[in-house]
Amino acid sequence: MNKMILTAGPSITKKEINYVNDAIKNGWNNNWNFYINKFEDLIKNYLGVKYALSTSSATGALHLSLLASGIKKNSEIILPEISWIASASAIKYIGAKPVFCDVDKDSWTIDTNKIEKLITKKTKAIMPVHLYGTPSNTVKIKKLANKYRLKIIEDAAPALGAIVGKQKIGSNCDFSCFSFQGAKMITTGEGGMLVTNNKKLFEKAKYYSEHCRDPKSPLDAMGIGYKYKMSNLQAALGCAQLERIDTLINKKRLINKWYNDNLENFTKVKVTKDPIYGKSIHWMTSIEMANFNKNKRSRFIKELRDKKIDTRPVFSPMSSFPMFKKINENNNAYRIGYSSINLPSGHNLTHNQIKYVSKIIKELL
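Throughout this description, residue numbers start from 1 for each chain and increase along the sequence as written. Thresholds applied to this predicted model are a pLDDT of at least 70 for local features of residues and 80 or more for the giving and counting of side-chain atom pairs; totals over whole chains, interfaces and linings are not thresholded and use all residues. Values shown for side chains rest on all heavy atoms present in the structure; no hydrogens or waters enter the calculation.

Let us now look at the overall build of the chain. Counting from the N terminus, the helices are DSSP H or I runs at least four residues long and the strands are E runs at least two residues long. Secondary structure summary: the chain contains eleven helices and 16 strands in total. For 365 residues, the compact-globule estimate of 2.2 N^0.38 gives 21 Å, and the C-alpha radius of gyration of the chain, at 21 Å, lies within 12% of that figure. Taking the principal axes of the C-alpha coordinates as reference, the chain spans close to 70 × 55 × 35 Å. Considering the chain as a whole, with its 365 residues, one finds that 55% of them fall into the buried category. In the chain, 70% of the contacts between residues at least 6 apart in sequence involve partners at least 24 apart. Reported accessibility uses the Shrake-Rupley method at a 1.4 Å probe radius. Residues are deemed covered only where the shown protein chains occlude them. Approximately 17000 Å² of the chain is accessible, and the part contributed by carbon and sulfur atoms is 50%. For the radius of gyration, the atoms used are the C-alpha atoms, and the globule rule reads 2.2 Å times the number of residues raised to 0.38. In this scheme, a residue with accessible area under 20% of its type's maximum is buried, one over 50% is exposed, and one in between is partly exposed, where area comes from a 1.4 Å probe on protein chains only. Contacts are assigned to residue pairs that have any heavy atoms within 4.5 Å of one another.

Printed below as a string of structure tokens:
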């Protein structure tokens, strides 16, 4: 293999190029938000939700969701131990405390059997993270949230199109937050989206996102707000991507199938699959290596790179970071977080490339 097989990569066609060119030429003055409005409408229609707010990132969407939910300083929010740090960072932005729950050994999402024991009088929300496009079991999470009157704020950053039962992720929780960062399946370069069915929550989030402007005097502010806006140019790219979402999801699922087919009888690795309660979009197909630790994984990543295969480590357990207190009993998270990698999963991969990656994995292990 002469050229590096990259971990991620978008699918860009003439449709995306034409939309962005149109936004560059015509998306100003009276048309400054044409593609922003269109993008938000496309998301609402796709998910079947009432309200959508485009943002500069999923992190910004999470922050706005927490603010709009009225979660106060020193409150507690339960989230899975394994996620990109933005999940916990957004909680810290508002002065709340992230409470890390272990993850399920198969789906790598929050272990719904371990949430209830973490709920205290200070708990105000659960933040499921749909890791690498695999949905959390939101049916079970909603039962707990209803029982204890908690908000559900989904970090659905890489999971647009994932399904639990017959419902798309993002369609039935208090807030759901998506990412369109450059490596994601649907990309706007950088960007995010906040969705909800609750008008009051939406209006509050929008208020904070516009610097708490006074609706009666738009250049005056009524509080300390934020600017997490998406540009019209980014939204133009997102519109074209979203109009092709079924094609993009099908390719991601096909890539995952190819890996599973090629590695199914190789017992030294475990390839990610759909959970029994739903369907993943398989943004990143990943593997857990048997009896690996952090150092062995680092060496393995280097060996793969020497063979022109780009991979990256699965997110480390967040309680392992210096700003948090380590939680030793989160055994699944510490095992998975130190023994797993994301495989090349970009849209432009061919079956032959997947065969090559699988072959090299077998040889090296």
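Before going further, it helps to examine helix α1 (residues 14–26). Turn by turn, an α-helix covers 3.6 residues, leaving residues three or four places apart pointing in a common direction. Here the expected length of a helix is defined as 1.5 Å per residue gap, with one fewer gap than residues. An ideal rise of 1.5 Å per residue puts 18 Å on 13 residues; α1 measures up with 18 Å between its terminal C-alpha atoms. For α1, every residue scored as buried is listed here: Glu 16, Tyr 19 and Ala 23. Each buried residue of α1 lies within a common arc of 70° when the element is viewed along its axis, so the set occupies one face. Pointing more than 90 degrees away from the buried face of α1 are the exposed residues Lys 14 and Lys 25. Directions pointing from the helix axis toward each C-beta atom define the arc.

Attention now goes to helix α5 (residues 138–148). Buried residues of α5: Thr 138, Ile 141, Leu 144 and Ala 145, and no others. Buried residues of α5 fall within an arc of 120° about the axis and therefore sit on the same side. Pointing more than 90 degrees away from the buried face of α5 are the exposed residues Lys 143, Asn 146 and Lys 147. Of the residues flanking the end of α5, it is Arg 149, one or two places downstream, whose phi is positive at about 55°.

On the surface, a cluster of positive charge is contributed by Lys 92, Lys 97, Lys 122 and Lys 325. Mapped onto the secondary structure, Lys 325 falls in the loop between β15 (312–313) and α10 (331–339). Judged by its relative accessible area of 74%, Lys 325 falls in the exposed class. Exposure above 30% relative accessible area and the absence of a salt bridge qualify a residue for a patch, where like charges join within 9 Å and nonpolar side chains (Val, Leu, Ile, Met, Phe, Trp, Tyr) within 5 Å. Salt bridge, as used here, is a side-chain nitrogen of Lys or Arg placed within 4 Å of a carboxyl oxygen of Asp or Glu. Counting rule applied: Lys, Arg positive; Asp, Glu negative; His and chain ends not counted. A single reference atom marks each charge: NZ on Lys, CZ on Arg, CG on Asp, CD on Glu.

Attention now goes to the pairing of strand β4 (residues 123–126). For two strands to be treated as a pair, DSSP must find no fewer than two bridges joining them. In terms of strand pairing, strand β2 (residues 76–80) meets β4 through three bridges, oriented parallel. Directly across from Ile 77, in β4, lies its bridge partner Ala 125. Judged from the two bridges that link them, β4 and strand β5 (residues 151–155) form a sheet pairing that is parallel. Following the sheet pairing, Ile 126 is matched in β5 by Ile 152. Note on handedness: a crossover is taken as right-handed if, strands pointing away from the viewer, the path from the first strand over the helix to the second is clockwise. A crossover connection joins β4 to the parallel β5 through α5; in handedness this β-α-β unit is right-handed.

Turning to the nonpolar core, a few remarks are in order. Side-chain atoms within 4.5 Å are what join buried Ala, Val, Leu, Ile, Met, Phe, Trp, Tyr and Cys residues into a set we call a nonpolar core. Counting residues in hydrophobic clusters, the biggest one holds 44 residues, and the most contacted among them are Phe 39, Ile 43, Leu 160 and Phe 180. Among the elements of the structure, α1, α2 (34–47), β9 (192–196), α7 (232–242), α8 (245–263) and α10 are those that each provide at least two residues to this core. Take this core: its biggest share by element is six residues, from α2. Not counting residues up to four positions away in its chain, the partners in contact with Ile 43 are Ala 52, Leu 160, Phe 180, Met 193, Val 195 and Leu 242. Leu 62, Ile 77, Ala 90 and Tyr 208 belong to the second largest nonpolar core, which has 32 residues in total.

Attention shifts here to the sheet that holds strand β6 (residues 163–164). Read from one edge to the other, the open sheet built from three strands follows the order β7-β6-β13, with strand pairing classed as antiparallel. If you trace the sheet from one side to the other, it starts and ends with β7 (167–168) and β13 (278–279), each paired once. Summarising the sheet, β6 and β13 pair through two bridges and their orientation is antiparallel. Note on β13: the bridge partner recorded for Ile 163 is Lys 279.

Attention now goes to unusual backbone geometry. With a phi close to 55°, Asn 29 is a non-glycine residue in the positive phi region. Among the structural elements, Asn 29 can be located in the loop between α1 and α2. Using a relative accessible area of 70% as the deciding quantity, one classes Asn 29 as exposed.

Turning our eyes to something else, we now look at the pattern of salt bridges. For the structure shown, the criterion picks out 15 salt bridges. Put simply, Lys 270 and Asp 106 hold a salt bridge, and the shortest N to O gap is 2.7 Å. With Lys 270 in strand β12 (residues 269–271) and Asp 106 in the loop between β3 (97–101) and β4, the pair connects residues that are 164 residues apart, well separated along the chain. A salt bridge links Lys 359 to Glu 363; the shortest N-O distance between them is 2.9 Å. Remark: Glu 363 and Lys 359 occur in helix α11 (residues 351–364); sequence separation between them is four residues, near one turn of the helix.

Let's shift gears to the sheet that holds β15. The strand order β12-β14-β16-β15 describes an open sheet built from four strands, whose pairing is antiparallel. Of all strands in the sheet, those with a lone pairing partner are β12 and β15, marking the two edges. As paired elements, β12 and strand β14 (residues 286–289) share three bridges and run antiparallel to each other. Pairing of Val 271 across the sheet is with Ile 287, part of β14. Seen against the sheet, α8 touches β12 and β14 and runs at an angle of roughly 150° to β12. Contacts between α10 and the sheet are confined to β14 and β16 (340–342), with β14 contributing the most and set at about 105° to the helix. Inter-axis angles, ranging from 0 to 180 degrees, are taken between N-to-C directions of lines fitted to C-alpha atoms, where helices are fitted over the stretch in contact.

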